[in-house]
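# Close look at the chain arrangement
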Amino acid sequence: MKAIRRFSVRPVLPEPLRPLSELARNLRWSWHPETRELFQTLDPEGWRAAGGDPLRLLGAVPAARLTALADDRRFRRRLAAAADDLHDYLTGARWYQEQPPGLPAAVAYFSPEFGITAALPQYSGGLGILAGDHLKSASDLGVPLIGVGLLYRHGYFRQSLSREGWQQEHYPLLDPNELPLSLLREADGAPAVISLALPGGRSLRAHVWKAEVGRVPLLLLDSDVEENAPGERDVTDRLYGGGSEHRLLQEMLLGIGGVRAVRAYCRLTGHPAPEVFHTNEGHAGFLGLERIRELSAGGLDFDAALESVRAGAVFTTHTPVPAGIDRFDRELVARHFADGAELPGIDVERVLRLGAEDYPGGDPALFNMAVMGLRLAQRANGVSTLHGEVSRRMFAGLWPGFDDTEVPITSITNGVHAPTWVAPEVFRLGARRIGVARAEDALTLGGSERWDSVADISDADVWELRRTLREQLVDEVRERLRASWRERGAGTAELGWIDGVLDPDVLTIGFARRVPSYKRLTLMLRDRERLTRLLLDPERPIQIVVAGKAHPADDGGKRLVQELVRFADDPRVRHRVVFLPDYGMAMAQKLYPGCDVWLNNPLRPLEACGTSGMKAALNGCLNLSVLDGWWDEWYEPDFGWAIPTADGSGTDEERRDDLEAAALYDLLETRVAPRFYDRGPDGLPGRWIEMVRGTLGSLGPKVLAGRMVREYVERLYGPAAEAQRALTPDAARELAAWKARVRAAWPAVAVDHVEAAADGPLDGTAELGSTVTLRVTVTLGDLDPSDVEVQALAGRVDAADRLTGAAAVPLKPAGTTALDGRRLYEGPLTFDRTGPFGYTVRILPSHRLLADGAEMGLVAVPAEASGEAAGVLMR
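For clarity, every value in this text was computed on a predicted model and none was experimentally measured. (Residues numbered from 1 in each chain as written. Predicted model: local features only at pLDDT ≥ 70, side-chain atom pairs only at ≥ 80, totals over all residues. Heavy atoms only, no water.)

Pairing in this open sheet of six strands is parallel, and the strands run E17-E16-E15-E18-E19-E20 from one edge to the other. On the outer flanks of this sheet lie strand E17 (577–580) and strand E20 (640–643), each paired with one strand and no other. Here the average twist between neighbouring strands, direction ignored, is 20°. Bridge count for strand E15 (residues 507–514) against strand E18 (residues 597–600) is two bridges, and the pairing is parallel. If you follow Ile509 over to E18, its bridge partner there is Val597. Across the sheet, helix H26 (residues 653–677) is in contact with E15, strand E16 (542–549), E18, strand E19 (622–626) and E20; its angle to E20 comes to roughly 165°. Against the sheet, helix H27 (residues 686–699) touches E15, E18, E19 and E20, its axis set at about 80° to E19. (Pairing = 2+ DSSP bridges. Helix = DSSP H or I, 4+ residues; strand = E, 2+ residues; numbered from the N terminus. Axes fitted to C-alpha atoms, helices over the stretch in contact; angles between N-to-C directions. Contact = heavy atoms within 4.5 Å.)

Tracing the sequence through the fold places Arg656 in helix H26. A relative accessible area of 15% places Arg656 in the buried class. (Buried < 20%, exposed > 50% of the residue type's maximum accessible area, 1.4 Å probe, protein only.)

Bringing the pairing of strand E6 (residues 193–197) into the picture now. Burial of E6 is one-sided: the residues Ile194 and Leu196 facing one way are buried, the residues Val193, Ser195 and Ala197 facing the other way are not. The hairpin turn running from E6 into strand E7 (residues 203–213), its antiparallel successor, is five residues long, and Gly200 in that turn takes a positive phi close to 80°.

Turning our eyes to something else, we now look at the side chain of Glu660. Inspection of the secondary structure assignment puts Glu660 in helix H26. Owing to a relative accessible area of 3%, Glu660 belongs among the buried residues under this scheme. Those residues within four positions of Glu660 in sequence are excluded, and the remaining contacts are Arg520, Val626, Ile643, Pro644, Thr645 and Ala646.

This brings us to helix H29 (residues 729–745). In this model, H29 (17 residues) spans 24 Å end to end at C-alpha, consistent with the 24 Å of a helix rising 1.5 Å per residue. By the burial criterion, the buried members of H29 are Ala731, Ala732, Leu735, Ala736, Trp738, Lys739, Val742 and Ala745. In the core, the buried residues of H29 are packed alongside helix H11 (302–311), helix H28 (705–726) and strand E28 (835–845). (Expected span 1.5 Å × (residues − 1).)

The buried fraction of E28 amounts to eight of the eleven residues, a majority that puts the element mostly inside the structure. Sheet analysis places strand E24 (residues 788–797) next to E28, joined by nine bridges and oriented antiparallel. Counterpart to Leu793 in the pairing with E28 is Thr840.

The next point concerns helix H9 (residues 244–269). When the terminal C-alpha atoms of H9 are compared, their 36 Å separation across 26 residues agrees well with the 38 Å that a helix rising 1.5 Å per residue should span. By the largest-angle criterion, Gly257 marks the main kink of H9, which is about 35°. Extensive coverage of H9 is indicated by the burial of 20 of its 26 residues. The positive-phi residue at the C-terminal boundary of H9 is Gly270, with phi of around 80°. (Bend = angle between axes of the 7 residues up to and from the residue.)

Attention shifts here to unusual backbone geometry. For the bond running from Arg604 to Pro605, omega is 5°, close enough to zero to count as cis. Following the sequence through the fold, Pro605 ends up in the loop between E18 and helix H24 (612–617). Of note in this structure, Leu502 is not a glycine but carries a positive phi near 65°. The topology assignment puts Leu502 in the loop between helix H20 (459–487) and E15. The phi dihedral of Asp582 falls on the positive side, at around 65°, and the residue is not glycine. If you trace the backbone, Asp582 turns up in the loop between E17 and helix H23 (585–594).

Quick look at the packing of aromatic side chains now. Under the counting rule described, the total for this entry stands at 21 aromatic pairs. Here the aromatic rings of Phe286 and Phe337 are separated by 5.3 Å at their centres, their planes lie at 40°, and the arrangement is tilted. Here Phe337 lies in the loop between helix H12 (330–336) and helix H13 (348–354) and Phe286 lies in the loop between strand E9 (276–280) and helix H10 (287–297), a separation of 51 residues in the sequence. Of the two residues, Phe286 and Phe337, both sit in the buried class. Connected via pairs of aromatic rings, a cluster forms that spans Trp463, Trp641, Phe676, Tyr677 and Trp688. The ring of Trp485 carries the charged tip of Arg488 above its face, separated from the ring centre by 4.1 Å. The ring of Trp421 has Lys615 lying over it, and the distance from NZ or CZ to the ring centre is 4.7 Å. (Phe/Tyr/Trp six-rings, centres within 6.5 Å; stacked < 30°, edge-to-face > 60°. Lys NZ or Arg CZ within 6 Å of the ring centre and 35° of its normal.)

Structural data, given as structure tokens:
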């Protein structure tokens, strides 16, 4: 029989054990080994049954056991030490508090998903794990972040397999009262309510749940409240579920409702109001509209409010392909922002213009969330150096007239939260060398000097560690594989073979990803006979552990999963290759450390960053990857292998996959396996161990989320806060009026004539170090010289006379305005490099409050006949 109502009954802890509740509710336990070990001692079997979730454990520990622990002085001392340590962590000064003044008082960080711990399943893949690592590292560094997301009552989905190997999805109901969350309440105890207006007089209401991620509060909006109609209650049902309108409502609640949740949280707790708003991918882009509404209600017009909002906004794109961006029907968006719906007082046409694809190749019928995010943020970035380049090309249409290299999208390469992903055994080995405090600093702050001590660890210790981790993975795989086969309908008598699956002394390769087509889950199956020979090689065998989820609506991805599963079911190879369903954080924390090699073979350059290989590297696992994402910028042959890419324009997809699969097999057969199995006189693979050291020593300090968050603070959050403070209401009005005036006048701005004067003749060659004086005549129309900057651009030229690596040199006004309104600018240009060299000139808008000369997307360049030939050959 089904219960008609459900309650969550919490245990009553004896007074001496009350600190356990605070320790369980602050998610720092998820990356703090001492706290986890404390909970494990309560009931080791119960800890395992609870999946390492302290709240579930406390709900299951017998009262008699709690009473006994309350009388145990040794346990009480450990508990007091853990509680004191958490208090010091939450209140003490950290890296951020030691920085010079001027950093933001608070930063609001919005993301559609957050992967903090398996005990709070609100993530689907890399974007959510990255967001979770961002919050945890911000906490470790003392950055005053407020996380904002949605609480999905069914999470993403749990994955199992049918007998035929087809992915099946399950959506267990999550009760917030059984999660490490607390409800945000008003002073009178009533739940804080966030409300959005919907078409037809309807309302979308949400409660706000708070997770404590160390020092960082994470606010999650939940629409499953009694005040909502059934359709509105289901808005936060599933992560990335539903049709277009469902997704639009989720993103309105995340962005608009999220800002309102932040305001309510700061009002109720006294937390400083954010000066910077960081939008992690376009899903939360509507937050900028809510901030415009707030400022408009305070007296600013739309244009001035837009400038103020842009100044304090940071937008991060994680998407390397247009198909990965949320785009909505323009009329659907218009209906939700028209009169009587959300954001009253704001012209819906202004809203639609922000997301319009009004550039060559765009679709005027669609509203683009990433385009809106870029237009609402003065600062934007991709998540690796290569992804920054891809993003600049992808969004170049928003800045016409500028080279891709000048599109104002920078890059900050992702990192991973080492305390979450480094195996305890790895940490303990490092702590024995440099002490616990220095080892913790190495994982949170980085710094090569803290990682150099890896060189002092003996070969024997490194190899013993690697075998221990591999052995743990083998045990984990067998347990999960047995559970999977039982779900597939197998009986115990059929499963004796699982006891022989994998071997702790065999080279182990890991591959675990989401399963979109570009990640190429099945590239390894391209030549099955050759792969089988590698798996079964009598002297140098390999074994492969694979995991991954396909989106529920992606039948193509599901077919890839089934293809891999069917291969792994083959009795010839099933002891050497396994597919583990339901990939998530708990599995990943065993998988990364236990593998010797981490495989990644996406289609270049479609991997924005690819942080799984970073997590593996922090545990001494070597990377074998296509040069994409982070591996493209940090790969060195000393600590990994690069899979060659066949990305020439004349190579079709089938041929490309054949070539790259063959390259993968060659690397495994001739480079990777020999390096692993070749042993010295001491029985150890010395060259392999050196590569492990190279991975830890060279990549360790780079792949940290602590390094990433410090870069966000120094390069984006700090400058955004300064820009936000500079945009007082009067300054915002001034900037908006200036931009309007410049845009109106720009059609008349022109470069009329360019000439170069030198001491000797310019006959197509010049000496290195020689200088010419450029004289440029321009027309500014209704603009003043103070409104523009006239620049010379000089650098190498290719065969088509295109400048590459050009440097900008400002030119200065010379003389007075001519009778026809023309103005003369001049300045020296030095030939500072040899080879084909060229120059051009241009005019850009210039204002003290612009973050970048390309910000407005306006530029004037010479017409074909306006000056001398630009190319000058140097010898």
